[in-house]
Amino acid sequence: MNLSAQLAAMETTLQQLTFALQEMQAQVAKLEEENERLRQQITPVINENKETAGGQMALQQLYDEGYHVCATYFGREHDGGCLFCMEVLQNVSR
Ligand SMILES: [Zn+2]
């Protein structure tokens, strides 16, 4: 393959990658939007159920599995030290 053929092949590859990247970015944006919508839907459900024994267990379990249970970051992964989550879990265990 001569140099201009190689360049043309690289250009094609680059276009394909750019297209794939744009598709992935659109997919990510869609998922983030859906996450936000679900987060907003679940917050009132948590507030209704966090005083019940089942609700407490579910929140604790979710937190132990590595997810925020606080309203601010609900459903996102945590690294173990969220004060908002601590407050929710302390409230429910009283
Ligand atoms: Zn949290």
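About the criteria used
- Residues numbered from 1 in each chain as written.
- Predicted model: local features only at pLDDT ≥ 70, side-chain atom pairs only at ≥ 80, totals over all residues.
- Heavy atoms only, no water.
- Donors = N, O, S within 2.8 Å, 3.2 Å for Na, K, Ca; no water.
- Tetrahedral: all angles 85-135°; square planar, octahedral: opposite > 155°, others 65-115°.
- Buried < 20%, exposed > 50% of the residue type's maximum accessible area, 1.4 Å probe, protein only.
- Phe/Tyr/Trp six-rings, centres within 6.5 Å; stacked < 30°, edge-to-face > 60°.
- Helix = DSSP H or I, 4+ residues; strand = E, 2+ residues; numbered from the N terminus.
- Expected span 1.5 Å × (residues − 1).
- Bend = angle between axes of the 7 residues up to and from the residue.
- Salt bridge = Lys/Arg side-chain N within 4 Å of Asp/Glu carboxyl O.

> What should I look at first to understand the coordination of the zinc ion in this one?
By definition of the ideal shapes, four donors in a tetrahedron about a metal sit 109.5 degrees apart, and six donors in an octahedron sit 90 or 180 degrees apart. Donor atoms from the polypeptide that coordinate the zinc ion comprise His68 (ND1), Cys70 (SG), Cys82 (SG) and Cys85 (SG), at 2.1 to 2.4 Å from the metal. Taken together, the 4 donor atoms surrounding the zinc ion define angles of 102 to 117 degrees at the centre, an arrangement classified as tetrahedral. Motif for the zinc ion, donor spacing along one chain: H-x1-C-x11-C-x2-C. For histidine 68, a relative accessible area of 9% corresponds to the buried category. According to the relative accessible area criterion, cysteine 70 is buried, its value standing at 1%.

> Would you mind showing me how to read the packing of aromatic side chains here?
When we look at a pair of aromatic rings, we describe it by the centre distance and by the angle of the planes. Under the defined criterion, the tally for this structure stands at 1 aromatic pair. Consider the rings of tyrosine 73 and phenylalanine 84, whose centres lie 6.3 Å apart with planes at 50 degrees: the pair is tilted. Taken together, the residues span a long stretch of sequence, with tyrosine 73 in the loop between α2 (53–64) and α3 (83–93) and phenylalanine 84 in helix α3 at a distance of 11 residues.

> Where do I start with helix α1 (residues 3–49) in this structure?
In an α-helix there are 3.6 residues to a turn, and that puts residues three or four apart on one side. Look at α1: 67 Å from first C-alpha to last across 47 residues, which is about the 69 Å you get at 1.5 Å a residue. Where α1 bends most, the angle comes to about 25 degrees, and this point is isoleucine 42, followed within four residues by the proline proline 44.

> What am I meant to see in the pattern of salt bridges here?
Pairs may arise between side chains of opposite charge once their charged atoms sit close together. Inspection of every chain in the model, using the stated rule, returns 2 salt bridges. A salt bridge links arginine 39 to glutamate 36; the shortest N-O distance between them is 2.9 Å. One end of the pair, arginine 39, and the other, glutamate 36, are both in helix α1, 3 residues apart, so they sit about a helical turn from each other. Taking the shortest distance from any N to any O, the salt bridge between glutamate 36 and arginine 76 comes out at 3.9 Å. Here glutamate 36, found in helix α1, pairs with arginine 76, found in the loop between α2 and α3; they are 40 residues apart in sequence, far enough to count as distant. In this structure glutamate 36 comes out as partly exposed when scored by relative accessible area, which is 33%. A residue is classified by how much of its surface remains accessible, and arginine 76, at 36% relative accessible area, is partly exposed. One network of salt bridges, in which partners are shared, links Glu36, Arg39 and Arg76.

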